[in-house]
Amino acid sequence: MRAVYTLAAAAVVFAAAVLLPLYTADRPAGGFVTGNEAAAGAGAISPRVDLGAVTDERLEAVVAANPTVVGMRLALADRYVAERAYDRAVRHYTQALALEPDNPEALAHFAWLLLQIDQPRPALEYVDRALVLQG
């Protein structure tokens, strides 16, 4: 029984000395427990910011600083679709799909854009792919 307690104590010491610093290092003051805004990279927008108040240029800078974060790229592309800036939206959707070709959200949103620019046949193909992946 003593060996079990010794092993448990060793595990606790290991977790406190080795694992805990990995989860608490570089956490910004007042930030989330996960420290995710520090991991988001330089130039990231805090999740508490109203994105409606952020300019397109600022969002472009954030996406440029975090080029592999598909969610931010999709949010910017969706904004461009709402503004009918379809050429800018296409650029971000295609880059998102290059990073994650099987992302059903990116496929569906790109299909919507294709419908907006009178391309129903390719739009249907993207919707079908999104549905298969989602299903």
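Structure: above.
Description of the structure in this document.

Procedures and definitions
Position numbers for residues start from 1 in each chain and track the written sequence from start to end. Predicted model: local features are reported for residues with pLDDT of at least 70 only, side-chain atom pairs are reported and counted for 80 or more only, and whole-chain, interface and lining totals are derived from all residues. Note that the side-chain values use all heavy atoms of the structure and ignore hydrogens as well as water. Convention adopted: a line fitted to C-alpha atoms gives each axis, helices being fitted over their contacting stretch, and angles between N-to-C directions are expressed from 0 to 180 degrees. Only DSSP runs of H or I with at least four residues qualify as helices, and only runs of E with at least two residues qualify as strands; both kinds are numbered from the N terminus onward. Orientation labels follow simple angle bins: below 35 degrees gives roughly parallel, above 145 gives roughly antiparallel, 65 to 115 gives roughly perpendicular, and whatever is left gives oblique. Crossing handedness is read from the near helix: turned anticlockwise from the far helix by less than a right angle, it gives a left-handed crossing, and turned clockwise, a right-handed one. Contacts are residue-level and defined by heavy atoms, with any inter-residue pair within 4.5 Å sufficient. Residues were grouped as follows: Ala, Val, Leu, Ile, Met, Phe, Trp, Tyr, Cys and Pro as nonpolar; Asp, Glu, Lys and Arg as charged; and all remaining residues, including Gly, as polar. Three exposure classes are used, based on accessible area relative to the maximum for each residue type with a 1.4 Å probe and protein chains only: buried under 20%, partly exposed in between, and exposed over 50%. By construction, the arc corresponds to the directions joining the helix axis to the C-beta atoms.

1. Examining the packing of helix α5 (residues 86-99) against helix α6 (residues 104-116)
And step 1. Between α5 and α6, whose axes approach to 10 Å, the crossing angle comes to 155 degrees. By the criterion of interaxial angle, the relationship of α5 to α6 is roughly antiparallel. The element α5 and its partner α6 pack so that their crossing is left-handed. Together, Tyr86, Ala89, Val90, Tyr93, Thr94 and Leu97 of α5 and Ala106, Leu107, His109, Phe110, Leu113 and Gln116 of α6 make up the contact between the two elements.
And step 2. Among the residues forming the contact of α5 with α6, the class breakdown is 9 nonpolar, 3 polar and no charged.

2. Some details on helix α3 (residues 56-65)
Residues separated by three or four positions in an α-helix point in the same direction, a consequence of the helix having 3.6 residues per turn.
And step 1. Among all positions in α3, only Asp56, Leu59, Glu60, Val62 and Val63 are buried. Within α3, the buried residues cover an arc of 160 degrees as seen down the axis, which keeps them to one side. The exposed residues of α3 that point more than 90 degrees off its buried face are Glu57 and Ala64.

3. Considering unusual backbone geometry
Most peptide bonds take the trans configuration, and most residues that are not glycine carry a negative phi.
And step 1. Even without being a glycine, Arg84 presents a positive backbone phi close to 60 degrees.
And step 2. Inspection of the secondary structure assignment puts Arg84 in the loop between α4 (70-82) and α5.
And step 3. Within the chain, Asp118 stands out as a residue other than glycine whose phi angle is a positive 60 degrees.
And step 4. Along the polypeptide, Asp118 turns up in the loop between α6 and α7 (120-134).

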